[in-house]
Amino acid sequence: MIRVIFTVVLFLLPFAVMAQERTSDTIPKTKKLKEVTVRARWKDRHLALNKQYVIKDEFKPIEHYTFDLRDPINPGREYFVLDFLNKELPRGWATNSILSCSSGIQYYIDEVEVSYGIVASRPLSDFSYAKIFQDLHPPCPAVVLYTRKGKDLLKRR
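Definitions and cut-offs
Residues numbered from 1 in each chain as written. Predicted model: local features only at pLDDT ≥ 70, side-chain atom pairs only at ≥ 80, totals over all residues. Heavy atoms only, no water. Buried < 20%, exposed > 50% of the residue type's maximum accessible area, 1.4 Å probe, protein only. Helix = DSSP H or I, 4+ residues; strand = E, 2+ residues; numbered from the N terminus. Pairing = 2+ DSSP bridges. pLDDT = per-residue confidence, 0-100. 1 Å grid on protein atoms, 1.4 Å probe; cavity = no way out; pocket = protein on both sides within 12 Å on 5 of 7 lines; lining within 4 Å. Points joined across faces, edges and corners; volume = space filled by probe spheres on them. Nonpolar A, V, L, I, M, F, W, Y, C, P; charged D, E, K, R; others polar.

*Asks:* Any chance you could explain the pairing of strand S5 (residues 140-147) here in plain terms?
*Replies:* In the case of a regular strand, side chains alternate between the two sheet surfaces. Taken across its eight residues, S5 has eight buried, putting it largely inside the fold. Burial along S5 is two-sided: Cys 140, Ala 142, Val 144 and Tyr 146 facing one way and Pro 141, Val 143, Leu 145 and Thr 147 facing the other are all buried. Bridge count for strand S2 (residues 106-109) against S5 is four bridges, and the pairing is parallel. Residue pairing for S5: Gln 106 is matched across the bridge by Ala 142. Judged from the seven bridges that link them, strand S4 (residues 127-137) and S5 form a sheet pairing that is antiparallel. Following the sheet pairing, Phe 133 is matched in S5 by Ala 142.

Below, the structure is given as structure tokens:
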């Protein structure tokens, strides 16, 4: 009989402890968090860069492919701007446009058209903003690069 009582007590003891732990004075107090608004920084940064660098209306639209080049990508290593863009852009991004375009990809530095050779020889650290238009002057794609200005000159890589 004592053995049965001892077994029942051992069986019920954990339930008694759990019931005691669930009393209201042992439940930790909780605080309700303040409501916050989360905004994506991508659009804010690119709108600010657009406002700071873009002058002509034809270059104002925010394109799908835009790059903030002010942040260090791989400190200590120098990239050429076109090597970086070729690495970042999806393969074949301009293929459809080039097939129907007689002049090929157009290159602009600070909204002035330049040749491929000039752009290909420039390091990435010279630029702060890049916009890639798939059909700037339909159907030709364009790479528009903006050199560093103002406070961005101080933040060179």
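*Asks:* Would you explain the confidence of the model for the protein chain in this entry?
*Replies:* The predicted coordinates should not be examined in detail at positions where pLDDT is low. Of all residues in the protein chain, 68% attain a pLDDT of 70 or more, and the chain-wide mean is 76. No element of the protein chain has a lower mean pLDDT than helix H4 (residues 95-99), at 57, and none a higher one than strand S3 (residues 112-114), at 92.

*Asks:* So what exactly am I meant to see when it comes to the layout of surface pockets here?
*Replies:* Summary: where empty space remains is shown by rolling a probe the size of a single water molecule over the atoms. As a volume, the largest pocket reaches approximately 160 Å³. Forming the walls of the largest pocket are twelve residues, and the residues nearest its centre are Leu 82, Asp 83, Asn 86, Tyr 107 and Tyr 116. At the level of elements, helix H3 (81-88) and helix H5 (116-120) are the ones that each hand at least two residues to the lining of the largest pocket. It is H3 that provides the largest number of residues to the lining of the largest pocket, a total of four residues. In terms of residue class, the lining of the largest pocket is built from ten nonpolar, one polar and one charged.

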